[in-house]
Amino acid sequence: MKKVLVVDDSKSQQRLVNGLLQTLDVEVELADNGESALQWLTHNGQPDLILMDIVMPDMSGLDVCRHIRKEMNYKTVPIIFVTTKDEDFDKFWALRQGGTAYITKPYSPTDLLNTVKNYL
């Protein structure tokens, strides 16, 4: 079974994404912030995909992404940013930091699921 790590400080977003991903028959792990995500990765290894918010307290999703790519050397795990930041510059910068794809909130469930399917 494929494993997806969802990193978002919003419990409602976590529930929404978790519910959507259950329709894909994947195992979903949840992290409330960047530090929790890095701890989870340290203890559990590389998931098949990461969904990551950008705006989070203490450590942004961009910081977490850079850490995953450079310090943990996870070069191939797809990281999909799911964020409220909707400027072209935000998307450009997120992809430059190592993101694989970018979805803007609010998103349609179909868009999220299709994007996840493309990278699993």
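Structural data are supplied above this passage.
Quick caveat: nothing in here was measured; it's all calculated off a predicted structure.

### Examining the side chain of Gln13
And step 1. Tracing the backbone shows Gln13 in helix α1 (residues 11-22).
And step 2. When its relative accessible area of 18% is taken as the criterion, Gln13 is described as buried.
And step 3. Polar contacts involving the side chain of Gln13 include one to the side chain of Tyr107, which spans 3.3 Å.

### Some remarks on helix α3 (residues 61-71)
And step 1. Within the sequence span of α3, burial applies to Gly61, Leu62, Val64, Cys65, Ile68 and Arg69. The buried residues of α3 occupy an angular sector of 160° when the element is viewed end-on, so they sit on one face. What points out from α3, more than 90 degrees from its buried face, is the exposed set Lys70 and Glu71.
And step 2. Contact partners of the buried residues in α3: α2 (34-44), β3 (49-52), β4 (79-83) and α4 (88-96).
And step 3. Immediately downstream of α3, the backbone of Asn73 shows phi near 60°, a positive value.

### So, the packing of aromatic side chains
And step 1. Throughout the structure, instances matching the rule amount to one aromatic pair.
And step 2. Ring centres 6.4 Å apart and planes at 5° place the aromatic pair Phe89 and Trp93 in the stacked group. Of the two residues, Phe89 and Trp93 are both situated in helix α4; the distance of four residues between them amounts to about one turn of the helix.
And step 3. Overall, Phe89 belongs to the exposed group, its relative accessible area being 56%.

### A closer look at the packing of α1 against helix α5 (residues 109-119)
And step 1. Contact pair α1 / α5: the axes reach a minimum separation of 10 Å and the direction vectors enclose 60°. The angle between the axes of α1 and α5 places the two elements in the oblique class. Pair α1 / α5 crosses with right-handed handedness. Where α1 approaches α5, its residues Val17, Leu20 and Leu21 are matched on the opposing element by Pro109, Leu112, Leu113 and Val116.
And step 2. A class-by-class count of the residues in the contact of α1 with α5 yields seven nonpolar, no polar and no charged.

### Things to note about the pattern of salt bridges
And step 1. Within the structure shown, the criterion is met by six salt bridges.
And step 2. With its nearest N and O atoms 3.7 Å apart, the salt bridge here joins Asp53 to Lys105. Of this pair, Asp53 sits in the loop between β3 and α3 while Lys105 sits in the loop between β5 (101-104) and α5; the two residues are 52 residues apart in sequence, bridging distant segments of the chain. Across this residue pair, the class does not change: Asp53 and Lys105 are buried.

### Structural notes on the pairing of strand β1 (residues 3-7)
And step 1. Of all five residues in β1, four are buried; the element is thus mostly enclosed.
And step 2. For β1 and strand β2 (residues 27-31), the ladder comprises five bridges, and the chain directions are parallel. Looking at β2, one finds that Val7 is bridged to Ala31.
And step 3. Read as a crossover between parallel neighbours, the route from β1 over α1 to β2 is right-handed.

Cut-offs applied
Residues numbered from 1 in each chain as written. Predicted model: local features only at pLDDT ≥ 70, side-chain atom pairs only at ≥ 80, totals over all residues. Heavy atoms only, no water. Helix = DSSP H or I, 4+ residues; strand = E, 2+ residues; numbered from the N terminus. Buried < 20%, exposed > 50% of the residue type's maximum accessible area, 1.4 Å probe, protein only. Polar contact = N/O pair within 3.5 Å; in protein donor to acceptor, adjacent residues only side chain to side chain. Arc of directions from axis to C-beta. Contact = heavy atoms within 4.5 Å. Phe/Tyr/Trp six-rings, centres within 6.5 Å; stacked < 30°, edge-to-face > 60°. Axes fitted to C-alpha atoms, helices over the stretch in contact; angles between N-to-C directions. Parallel < 35°, antiparallel > 145°, perpendicular 65-115°, else oblique. Left-handed = near helix turned anticlockwise from the far one by under 90°. Nonpolar A, V, L, I, M, F, W, Y, C, P; charged D, E, K, R; others polar. Salt bridge = Lys/Arg side-chain N within 4 Å of Asp/Glu carboxyl O. Pairing = 2+ DSSP bridges. Right-handed = clockwise from strand over helix to strand, strands pointing away.

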